[in-house]
4 protein chains.
Amino acid sequence: MEGLATRYARVRRQTETLVEPLSAEDCQVQSMPDASPAKWHLAHTSWFFETFVLGGQPFDPSFRFLYNSYYEAIGERQPRAARGLLSRPSLDEVRRYRRSVDDRMLERLGAGLDASTEALVVLGLAHEEQHQELILTDIKHLLGTHPLRPLYRRDEHAESGRGAAPLTFVPQPGGIVTIGHPGPERGGQPFAFDNESPRHQVLLQPHALASRLVTAGEYLAFVRDGGYRRPELWLSDGWGHVRAEGWRGPLYWQFGEGEGAGDAGDAAAVSIYTLGGERPLDPAEPVVHVSYYEADAYSRWAGARLPSEAEWEAVAASAPLSGNLLGSGALHPRAAPLGGPAVGQLFGDAWEWTSSAYSPYPGFRPAAGALGEYNGKFMCNQYVLRGGSCATSRTHIRRTYRNFFQPEKRWQFTGIRLARDPQ
Amino acid sequence: MEGLATRYARVRRQTETLVEPLSAEDCQVQSMPDASPAKWHLAHTSWFFETFVLGGQPFDPSFRFLYNSYYEAIGERQPRAARGLLSRPSLDEVRRYRRSVDDRMLERLGAGLDASTEALVVLGLAHEEQHQELILTDIKHLLGTHPLRPLYRRDEHAESGRGAAPLTFVPQPGGIVTIGHPGPERGGQPFAFDNESPRHQVLLQPHALASRLVTAGEYLAFVRDGGYRRPELWLSDGWGHVRAEGWRGPLYWQFGEGEGAGDAGDAAAVSIYTLGGERPLDPAEPVVHVSYYEADAYSRWAGARLPSEAEWEAVAASAPLSGNLLGSGALHPRAAPLGGPAVGQLFGDAWEWTSSAYSPYPGFRPAAGALGEYNGKFMCNQYVLRGGSCATSRTHIRRTYRNFFQPEKRWQFTGIRLARDPQ
Amino acid sequence: MEGLATRYARVRRQTETLVEPLSAEDCQVQSMPDASPAKWHLAHTSWFFETFVLGGQPFDPSFRFLYNSYYEAIGERQPRAARGLLSRPSLDEVRRYRRSVDDRMLERLGAGLDASTEALVVLGLAHEEQHQELILTDIKHLLGTHPLRPLYRRDEHAESGRGAAPLTFVPQPGGIVTIGHPGPERGGQPFAFDNESPRHQVLLQPHALASRLVTAGEYLAFVRDGGYRRPELWLSDGWGHVRAEGWRGPLYWQFGEGEGAGDAGDAAAVSIYTLGGERPLDPAEPVVHVSYYEADAYSRWAGARLPSEAEWEAVAASAPLSGNLLGSGALHPRAAPLGGPAVGQLFGDAWEWTSSAYSPYPGFRPAAGALGEYNGKFMCNQYVLRGGSCATSRTHIRRTYRNFFQPEKRWQFTGIRLARDPQ
Amino acid sequence: MEGLATRYARVRRQTETLVEPLSAEDCQVQSMPDASPAKWHLAHTSWFFETFVLGGQPFDPSFRFLYNSYYEAIGERQPRAARGLLSRPSLDEVRRYRRSVDDRMLERLGAGLDASTEALVVLGLAHEEQHQELILTDIKHLLGTHPLRPLYRRDEHAESGRGAAPLTFVPQPGGIVTIGHPGPERGGQPFAFDNESPRHQVLLQPHALASRLVTAGEYLAFVRDGGYRRPELWLSDGWGHVRAEGWRGPLYWQFGEGEGAGDAGDAAAVSIYTLGGERPLDPAEPVVHVSYYEADAYSRWAGARLPSEAEWEAVAASAPLSGNLLGSGALHPRAAPLGGPAVGQLFGDAWEWTSSAYSPYPGFRPAAGALGEYNGKFMCNQYVLRGGSCATSRTHIRRTYRNFFQPEKRWQFTGIRLARDPQ
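Note that the coordinates shown come from a computational prediction; the quantities given were computed from them, not determined experimentally.

Each value, and the rule that gives it
Residues numbered from 1 in each chain as written. Chains lettered and ligands numbered in written order. Predicted model: local features only at pLDDT ≥ 70, side-chain atom pairs only at ≥ 80, totals over all residues. Heavy atoms only, no water. Axes fitted to C-alpha atoms, helices over the stretch in contact; angles between N-to-C directions. Helix = DSSP H or I, 4+ residues; strand = E, 2+ residues; numbered from the N terminus. Parallel < 35°, antiparallel > 145°, perpendicular 65-115°, else oblique. Left-handed = near helix turned anticlockwise from the far one by under 90°. Contact = heavy atoms within 4.5 Å. Nonpolar A, V, L, I, M, F, W, Y, C, P; charged D, E, K, R; others polar. Expected span 1.5 Å × (residues − 1). Buried < 20%, exposed > 50% of the residue type's maximum accessible area, 1.4 Å probe, protein only. Least-squares fit on C-alpha atoms with pLDDT ≥ 70 in both. Polar contact = N/O pair within 3.5 Å; in protein donor to acceptor, adjacent residues only side chain to side chain. Domains from an automatic or database assignment. Buried area = accessible area lost by both parts, 1.4 Å probe. Salt bridge = Lys/Arg side-chain N within 4 Å of Asp/Glu carboxyl O. Pairing = 2+ DSSP bridges.

Asks: Tell me what's going on with the packing of helix α2 (residues 38-54) of chain B against helix α4 (residues 91-111) of chain B, and back it up with residues and numbers.
Replies: All names here are of chain B. It is at 9 Å that the axes of α2 and α4 come closest, and there the two elements cross at 30 degrees. Comparing their axes, α4 and α2 come out roughly parallel. Seen along the crossing, α2 lies across α4 with a hand that is left-handed. Here Lys 39, Leu 42, Ala 43, Thr 45, Ser 46, Trp 47, Phe 49, Glu 50, Val 53 and Leu 54 of α2 come into contact with α4, specifically with Leu 91, Val 94, Tyr 97, Arg 98, Val 101, Arg 104, Met 105 and Arg 108. In terms of residue class, the contact of α2 with α4 is made up of eleven nonpolar, two polar and five charged.

Asks: Tell me what's going on with the arrangement of the chains, and back it up with residues and numbers.
Replies: The two units chain A and chain C remain apart, with a minimum C-alpha distance of 13 Å. Taking C-alpha atoms as the reference, chain B and chain D come no closer than 13 Å and do not contact one another.

Asks: Describe helix α3 (residues 38-54) of chain D, and please don't skip the residues or the numbers.
Replies: All names here are of chain D. For α3, with 17 residues, the first-to-last C-alpha span of 23 Å sits near the 24 Å given by 1.5 Å per residue. The buried fraction of α3 is high, at 16 of 17 residues. Positive backbone phi, at 60 degrees, marks Gly 55, one or two positions downstream of α3.

Asks: Outline the relation of the copies chain C and chain B, listing residues and values.
Replies: With an RMSD of 0.0 Å, chain C superimposes on chain B once it is rotated by 180 degrees and translated 0.0 Å along the axis. What we have between these two chains is a two-fold relation. Residue Glu 25 of chain C, judged by its C-alpha, is the member of chain C lying nearest the rotation axis, at 2.7 Å. A shared binding surface is used by both copies, with 100% of the interface residues of chain C retained as interface residues in chain B.

Asks: Which residues make up the relation of the copies chain D and chain A, and what values do they have?
Replies: Superposing chain D onto chain A takes a rotation of 180 degrees combined with a translation of 0.0 Å along the rotation axis, leaving an RMSD of 0.0 Å. Interface overlap between copies: 100% of the residues of chain D at the interface are likewise at the interface in chain A, consistent with a symmetric, same-surface contact.

Asks: Just give me the short version of the environment of Phe 49 of chain D, but keep the residues and values in it.
Replies: Residues and elements named next belong to chain D. Tracing the chain through its elements places Phe 49 in helix α3. Note on Phe 49: relative accessible area 0%, which makes it buried. Spatially, the C-alpha atoms of Phe 49 and Asn 68 are 12 Å apart, while their sequence positions differ by 19 residues. Residues contacting Phe 49, with those up to four places away along its chain left out, are Tyr 8, Arg 12, Leu 54, Val 101, Met 105, Val 121, Gly 124, Leu 125 and Glu 128.

Asks: So what's going on with the environment of Tyr 401 of chain B? Residues and values would help.
Replies: Within the secondary structure, Tyr 401 of chain B sits in the loop between β9 (383-386) and β10 (403-405). Separated by 2.6 Å, the side chains of Tyr 401 of chain B and His 396 of chain B make a polar contact.

Asks: Tell me about the domain arrangement of chain A, and please be specific about residues and values.
Replies: Residues and elements named next belong to chain A. Partitioning chain A into structural domains gives domain 1 (4-144) and domain 2 (156-423). Using only C-alpha atoms to locate each centre, domain 1 and domain 2 end up separated by 27 Å. Each partner contributes to the interface: domain 1 provides 32 residues, whereas domain 2 provides 28 residues. Buried area between domain 1 and domain 2, summed over both chains or domains, comes out near 2,600 Å², and the portion from carbon and sulfur atoms is 63%. For the domain 1 face of the interface with domain 2, the top three residues by lost area are Tyr 70, Glu 133 and Lys 140, together amounting to 27%. Here domain 1 is connected to domain 2 by one salt bridge. With a shortest N-O distance of 3.0 Å, Lys 409 and Asp 34 are connected by a salt bridge. Counting every contact that joins domain 1 to domain 2 gives 16 residue pairs in polar contact (both at pLDDT 80 or more). Put simply, the parts of the chain that give the side of domain 1 that touches domain 2 at least two residues each are α1 (4-19), α2 (38-54) and α5 (115-144).

Asks: How would you sum up the side chain of Glu 373 of chain B? Please name residues and give values.
Replies: Residue and element names in this part refer to chain B. Its location among the elements puts Glu 373 in the loop between β8 (351-357) and β9. Given the relative accessible area of 11%, Glu 373 is considered buried. In this structure the side chain of Glu 373 is engaged in a polar contact, spanning 2.9 Å, whose partner is the backbone nitrogen of Glu 72. Every residue in contact with Glu 373, bar those within four places of it in the chain, is listed here: Tyr 70, Tyr 71, Glu 72, Ala 73 and Phe 378.

Asks: Describe in detail the environment of Ala 335 of chain D, supporting the description with residues and values.
Replies: Examined against the element boundaries, Ala 335 of chain D turns out to sit in the loop between α10 (309-316) and β8 (351-357). Distance in space between the C-alpha atoms of Ala 335 of chain D and Thr 274 of chain D is 15 Å, their sequence separation being 61 residues.

Asks: Describe the sheet that holds strand β4 (residues 207-210) of chain A, listing the residues and the values that go with them.
Replies: Residues and elements named next belong to chain A. Pairing is antiparallel across the open sheet formed by three strands, whose spatial order is β1-β4-β12. Each end of this open sheet is capped by a strand with a single partner; those strands are β1 (169-172) and β12 (419-420). Across four bridges, β1 lies against β4 in antiparallel orientation. In the sheet register, Gln 172 faces β4, and the bridge partner there is His 207.

Asks: Would you mind going over the interface of chain D and chain A in detail, with residue names and values included?
Replies: Listed per partner, the contact involves 28 residues of chain D and 29 residues of chain A. Of the roughly 2,000 Å² buried at the junction of chain D and chain A (both faces included), carbon and sulfur atoms supply 59%. When the buried area of chain D at its contact with chain A is split by residue, Glu 25, Leu 85 and Arg 88 of chain D rank highest and sum to 35% of it. Viewed at the interface, chain A and chain D are joined by four salt bridges. Notably, a salt bridge pairs Glu 25 of chain A with Lys 39 of chain D, separated by 2.9 Å at the nearest N-O pair. Counting the contacts that link chain D with chain A gives twelve residue pairs in polar contact (both at pLDDT 80 or more). Those elements that place two or more of their residues in the side of chain D that touches chain A are α2 (24-28), α4 (63-66) and α6 (115-144) of chain D. Looking at which element gives the most residues to the side of chain D that touches chain A, the answer is α2 of chain D, with four residues. Considered class by class, the residues forming the side of chain D that touches chain A number 15 nonpolar, nine polar and four charged.

Asks: Hey, could you go over the side chain of Lys 377 of chain D for me, with residue numbers and the actual values?
Replies: Along the polypeptide, Lys 377 of chain D turns up in the loop between β8 and β9 (383-386). Looking at Lys 377 of chain D, its side chain comes within polar contact range of the main-chain oxygen of Tyr 70 of chain D, at 2.6 Å. At a separation of 2.6 Å, a polar atom in the side chain of Lys 377 of chain D contacts the side chain of Glu 373 of chain D. Beyond its immediate stretch of four places on either side in the chain, Lys 377 of chain D contacts Trp 234, Leu 235 and Ser 236 of chain C together with Tyr 70 and Glu 72 of chain D.

See below:
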């Protein structure tokens, strides 16, 4: 197994690899309040180790203010929406900061750590892997909303050339299942966030789970059927967003010129923006960059529903933990392979919106101190997503992993898996 | 048992009784987008019967637009935030509208109804009872935020003179419980909204439930302990509201002049606004007009948590369905009686915020047609409240009843019951 | 000449006559922050006399807060945008307030006043006449934006049946002219507001002034020529309003259904809302309810410009002070009479936007004390209007009168007179 | 006299010199909608020459969209508030763009130009000089609002060590004066913007003009006298800004910690941010970065008023055109020299707010075509400023020059000169 110092070096290097295609200017800009500049991600992840592991004399005392994200216990901070205004320190200075933190961390790692410090390092690496995914989705938003749609990196998309494998619904028996992570107190368990604990029992009803993610082609049929013009398909708040934001399709979809304003789907051609640039939509690829509202409306249109997180985890518990994750280099969801498992595509490709509001598990206790702010204080008005995406590290994702976003967000790699009650 | 025509007449009359203390001007004003003018409530509840039961020639065709609340299937409507601009029709005209609808309804009721129409009438009466509660909370907001704090009606509050009964935590065993309403298809069942179905099993962990609601005096101790100045007690979104809105205590609390700006609780005297006017806070009365965020922060401060709706219903299933409801005439929560049941105050006094996000029950199906918009489309970013309040009709509340509001709302009679995990 | 007590009684009665067609509900509502409820106007005008003339024991001490408009020197006040929330005091109570103030005022007037108190009474009456005009424009906004467009009062519009008299440009010589009011210090002068003083000399260039107001028919030609789609005709801020507000024509114009979204003028029929209800546009009537931006854009399209206030006053100095003012009862502008004076329609019909930003005259001094807030503090980002409208009292208007509004406002009776430089 | 090609090369080089202290990241950021990134200024000024002088094949067709500022006649453009999102093209690419434009321009200039093209080049250079000033004020805003207040460049401020020369009011006779620029049609005249024409006569009243700008020390006395807490000193809109923005002094002033929240002036020490960093306020230096509202309130407090632009120009007409302009390198206003002219500091140091709303001169005609949008369409809700600042080129400023900004803006080098009516 990979030693902690090796792992530290690998994860930190991975972050830097992701920003390699970017200029200092690209790394500077914040395209919306939800996103952060890549430079800020580079600094904040280092600040995390410096603040929670290293302590002592800081590299620069002002960084305590500049690179704190949301830890009230640490003190005041640069307002979230103003992260893009920090032209100083420069990217070079932030890189020096990273190197300085790395030197001190590797020295510390070499000297051996007590168990609680080791746990903090492992947490810091998980934290950094989360920011790796955000670096990709944030830069995708910056470039994908730029009027010229510039590339993040060159990419050759080979269309699958085949239709999608037929979507089937695989029956699940229901009954009492056990979900969640045993938690750190059970000794010897690998890392998990506090929000995945305690492990506990849940009672499920019989249901069926879709064999793969919803494809872009299937979603286009929903669009063509007036999906974005029929309020009866939507949650009330979701319909409000459709109207207020003028949604006509998923984020990064572009409809052809010829089509009528009200009828997005009549266009012969739909193009999408990927990190490799603009290209035609591939009907077989999973739909991605949809909000919970869109996932929910689609499922209603399809006569189905979204699965709960317990339904998802019950099946994922015995599935192989592999898929189109960050390591594949695709940086975009891929069509489900033919001849996959009964319920496939559970990991990678796209985070799957569940019907579960993000709430504490029974008996949940946040971590002590400032790090207790990591997860618990966000358990409100968000929905749980499962399974990781094409921008998630293989070493990051778990079967018990609970990601969460507000239901209107679309800039993450978020997709749709359907479930169905017995007919 | 009360016949349907009798019930119809009683419910409709009750609505009019509630607006009796109000002038036409009081009935005209909308104090915020969440609230509606009393005149609008009077008209909308009649529109409901006219649209969904009577059909045929409308009293006035323009009312289809003016008094539609949110039914997309019925068509365009007066924007919600602009209901207070409708100085025409006059209150007198709306009263004529009510009488006309009542005449037609009673004629119809006298002639006998088929089962599905009868179900619609029953739904319309439940709907009207909901608006009765809104009439009271909306007018309380109008008068309670008026610079002169005028009365709704004269009221003599007799302070209990005794301290509150000690709050105890009553252990509950956990296990599989069955909650929810069997639903209309089981024939012979009394009415319930679609969101209470299907009846289904839930697995509970062992826990303990508080014997009564949290009192104003207990809540004041939280305020005095810096409750509104300590971010670690709050959900992140809740803390955002505290800061943005300048919350220092529950809605309608006024702190004395002498106190420092930052320390609301040092004041010897706190006064509150009730429908009977301003008066000193009674420490033994239940705290009311708190948001979910405040209920959650208080419970964290108290080393407890909020109960889930299933935990609540499991206990309420065997509790007597009585309490300080609308019929008591108090229009304000009352101190818990001494020597009550182990877990008391379950019904009436104040709606109890639960930890349960408002989601569909497993297998939920909304009603067909426009009335399917009644509940289902709001199942997002809201929390379930249980038990009814001092403004809820006895004929309206049920053990399976699910009320729901966004977590920042405070103008309803919303209070706090605590729960606790095993220590 | 009319004695002061007689004048007082007449002006006060006039105000009440204007609200006679209105219900208490109509008088309650504030349709936008710029407008005030009629009830508030009734109370505020009485508060003005009570505060600045009567002094002593107030009718109700809370009115000092409730009915102060903007006098910082008097103290805190009900926020402007929240005037419509004051359902208490009732309209009846406000009427009692008016009677009480009237009784005390008439007693005081009977006993004889010193010169400075008399000046305050005269000011108070001018103030009340301003609010009479606001009562009409505010209620027009309330009813004219109501989805049913109800009437203020029944009205028979007899279309002129003739085309408008041809518009001619009447040459004016330029040179030094003297404008403004001599001011109170010159003894024996009739009343004027402080902003009309001092009388002073201005140097004018030769120019020409239009013989009448721009008609609705002429303005419709501008609309038909794409006036609202051509940015080159507009001030930059004005074009911003066209886009943000979706302006397609003057306030209260309704275009027929058949027309394309982009081409308002293709419609055969345009209807307008007047205080007598909706009716077809009369091409010969003056266009009204246009902003400064629209007046300016129209004049550019017409190859002309707006006159300065000095150019206007130089001609108005010798014109008869008569026209379609409040006393005519028309409450709407009328087509210019044939065979009128060379430069006609100077008074009444519609306030005329001038090109003059609202600035102090050279040597301007505001009145002392709180009443110095009446005019001076608003001398910024507004434009001067001249001549009065169909809602202005004959006893109110003067040749030196300076009205002023922000350039985007449209709910007053505001119209257009053109001027031209020598070709 | 400097040839046009030489001048072109000098002005263009000057722009680049100004951004030399800045990194690509500094040049990328837009700190508020009013400001633009330095990179955008570099590109836009080149776009101006390419679009209005060179024509033909563009360097990059997308730049027509990206770098158009507000020319509706040229077409759609990047939204003003989103200029900071353009991380591509890079600063290097924009520099290549500049070089390419320069090569083509110098070739064109070498070949000789017709008169109308020459006029466009001269306009383009004036345009570029305006953007030079904006580069400095925009970068000052970015760095001066950064939490660390980083430097633009190192700077040694030598405090004058002396008090300010006494401020005297120099009487001016009034009478007819001629102001404005003869305009291009009078042949042989040096360049001026269209808004400075036509030259015309204005009638002035006798008055007196202050001998120098108001100093920071004098302004501090206003602050200490409660200037920001006394509504009677302010225009109504200005007071609204004081309250809404929490203004306690000019932009870039920092008050010491010890002072009470309400009493900024009690602090012994006030520091200011300059392009050379933070340093103590020098009482003798001119106050700068005040809005029109503050200039107006100060003048009222001082028993004076602001001069009109005609009053200013009448005196400036015979004053030497020199002062602390961009060429001095100070980049900050300097204390008025002792023994200067009767009315000194007319040019440089700080733009002087006048009491004149920005309006067209009598007979004004905007330039033909797209360039007619340069000045005319902004003649609304702005005030005229005169005299140039420490960031204005000597070759840019003129006695007839009319600068203009909205009355609430503070990020330009804007200061105060007083005027007074005869006592």
